[in-house]
Amino acid sequence: MQGTRAMRMTETTPIVHADVQAMARACADRIEHLARQAQEAGHDFHLALSGGSTPAALYRELAAPERRGHVDWDRVQVFFGDERAVPPDHADSNFRMARETLLDQVPLPAANIHPIQARPDRIEADAAAYEALLRRTLPTGPDGLPRFDLVLLGTGPDGHTASLFPGTPALEERQRLVVPVWVERLESWRISLSYPVLDAARHIMVLVAGSGKVDIVRALFVTHADERRYPIQRIQPSGCVEWHLDRAAARGLEPA
Ligand code: 6PG
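Since this is a predicted model, take the numbers as computed values, not measurements.

Student: Sorry if this is basic, but what is going on with the site of the ligand here?
Tutor: Lining the immediate environment of the ligand, one finds 15 residues, of which Thr-54, Arg-84, His-160, Ala-162 and Lys-213 sit closest. Side-chain polar atom of Asn-94 to an oxygen atom of the ligand: 2.9 Å apart, as the coordinates give it. Within the side chain of Arg-190, one N or O atom sits 3.4 Å away from an oxygen atom of the ligand. Relative to its unbound accessible surface of 410 Å², the ligand loses 88% to contact with the protein. Each residue belonging to the shell around the ligand can be placed in one class, and the counts come to one nonpolar, ten polar and four charged.

Below, the structure written as structure tokens:
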């Protein structure tokens, strides 16, 4: 609508949990609720998983035996927010981490799992193929873009999210939905969802844990709260945003 300001990512007050396990339990409850909400509305639950290390506890919690039956996994479609340009069985693979902690542990049909293939020598084609998959399989929102029910995200100490790293051309991409990203600091290729598809999501949940994230939490929520200095701040969410922090990272919400 004309004149309405896009919501900022950091406008919502973070939910602080005692520790990573408490955060995992709370986020698993939320994800189960959102999955039921989508399925009761008559469609599959389209979920984009985050990589890195933080979400592993959440994925293990979602797969816990006592949670069996909380989710109709036949009607869950699992995608990825980004991937490293490594084979799917590589120690750095986000797919491998998700497979070991969640995907192999729940009755999810193989056809419902959509990993990103990311090969350094075919990185453009692989990104284009994943975009075509999103356009083919996801429902679209009012703007005609593929719309996830839920995108899980993390952030690095530099404020990157998915593989939208500071200083990369990916930050300016507004046409393509999936982009290759050369990360100089890591001297490696990645593939990432771009801002248009992150912006379109019905829900975004950001998980941040550990004392290593105190500075970026303070920058995002205190010292640079009104700016778009960091990649994660440049998401213009059209849906709901939830930030989940453990107590260690939440020290960044207190004055220095
Ligand atoms: C990745 C992730 C990335 C991650 C942050 C935080 O592929 O690494 O998608 O965006 O969320 O780097 O990672 P940690 O959870 O390991 O701190």
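Student: For this particular structure, what's the right way to read the pairing of strand S7 (residues 188-193)?
Tutor: The side chains of a regular strand alternate, residue by residue, between the two faces of the sheet. Inspection of the sheet shows strand S4 (residues 82-84) paired to S7 by three bridges, in the antiparallel sense. Bridged to Glu-83 within S7 is Ile-191. Where strand S6 (residues 178-183) and S7 come together, six bridges link them in antiparallel fashion. Following the sheet pairing, Val-183 is matched in S7 by Ser-188.

Student: Can you walk me through unusual backbone geometry in this structure?
Tutor: When glycine is set aside, most residues are seen to have a negative phi, and most peptide bonds are trans. Backbone geometry at Ala-162 places phi at a positive 50°, although glycine is not the residue there. Within the fold, Ala-162 resides in the loop between strand S5 (150-153) and S6. Although it is not a glycine, Glu-187 sits at a positive phi angle of roughly 50°. As for its placement among the helices and strands, Glu-187 is situated in the loop between S6 and S7.

Student: Just checking my understanding: could you explain the packing of aromatic side chains for this structure?
Tutor: Two descriptors summarise a pair of aromatic rings, namely the distance from one centre to the other and the angle between the planes of the rings. For the coordinates displayed, the defined rule picks out four aromatic pairs. Judged by centre distance (4.9 Å) and plane angle (85°), the ring pair of Phe-221 and Trp-243 falls under edge-to-face. Pair noted here: Phe-221 is in helix H6 (residues 214-223) and Trp-243 is in strand S9 (residues 240-246), with a separation of 22 residues, a long-range link. Pair check on accessibility: Phe-221 and Trp-243 agree, each one buried.

Student: I would appreciate a short explanation of the sheet that holds S6 in the present structure.
Tutor: Adjacent strands of a sheet form backbone hydrogen bonds with each other and so pair up, either parallel or antiparallel. Taking strand neighbours across the sheet as the criterion, the three strands line up as S4-S7-S6 in an open arrangement whose pairing is antiparallel. The open sheet has two edge strands, S4 and S6, and neither has a second partner. Strand-to-strand twist of the sheet, defined as the mean angle between neighbouring strand axes without regard to direction, takes the value 20°. The strands that helix H4 (residues 123-137) touches are S6 and S7; relative to S6, the one it contacts most, it runs at about 145°.

Student: Quick question: what am I supposed to make of H6 here?
Tutor: Note: α-helices contain 3.6 residues per turn, so residues at a spacing of three or four share the same orientation. In terms of burial, H6 is a largely internal element, seven of the ten residues being buried. Along H6, the residues classified as buried are Val-214, Ile-216, Val-217, Arg-218, Ala-219, Leu-220 and Phe-221. Residues of H6 that are buried make contact with strand S8 (203-208), S9 and helix H7 (247-250).

Student: Is there a simple way to explain the side chain of Ser-163 in this structure?
Tutor: Tracing the backbone shows Ser-163 in the loop between S5 and S6. Accessibility expressed as a relative area gives 0% for Ser-163, which makes it buried. Among the polar contacts made by the side chain of Ser-163, one reaches the side chain of Arg-190 at a distance of 3.0 Å. Once residues lying within four places of it in the same chain are set aside, the contact partners of Ser-163 are Asp-82, Val-181, Arg-190, Ile-191 and Ser-192.

Student: Teacher, can you tell me more about the environment of Leu-220 here?
Tutor: Checked against the element boundaries, Leu-220 lands in helix H6. Relative accessible area serves as the criterion here: at 1%, Leu-220 is assigned to the buried category. Along the chain, Leu-220 and Pro-88 lie 132 residues apart, while their C-alpha atoms are 33 Å from each other. Each residue touching Leu-220, except ones within four places of it in the same chain, is listed here: Thr-10, Ala-225, Tyr-230, Ile-232, Gln-233 and Trp-243.

Reading the values: the criteria
- Residues numbered from 1 in each chain as written.
- Predicted model: local features only at pLDDT ≥ 70, side-chain atom pairs only at ≥ 80, totals over all residues.
- Heavy atoms only, no water.
- Near = heavy atom within 4 Å.
- Polar contact = N/O pair within 3.5 Å; in protein donor to acceptor, adjacent residues only side chain to side chain.
- Areas by Shrake-Rupley, 256 points an atom, 1.4 Å probe, with all protein chains shown as cover.
- Nonpolar A, V, L, I, M, F, W, Y, C, P; charged D, E, K, R; others polar.
- Pairing = 2+ DSSP bridges.
- Helix = DSSP H or I, 4+ residues; strand = E, 2+ residues; numbered from the N terminus.
- Phe/Tyr/Trp six-rings, centres within 6.5 Å; stacked < 30°, edge-to-face > 60°.
- Buried < 20%, exposed > 50% of the residue type's maximum accessible area, 1.4 Å probe, protein only.
- Axes fitted to C-alpha atoms, helices over the stretch in contact; angles between N-to-C directions.
- Contact = heavy atoms within 4.5 Å.

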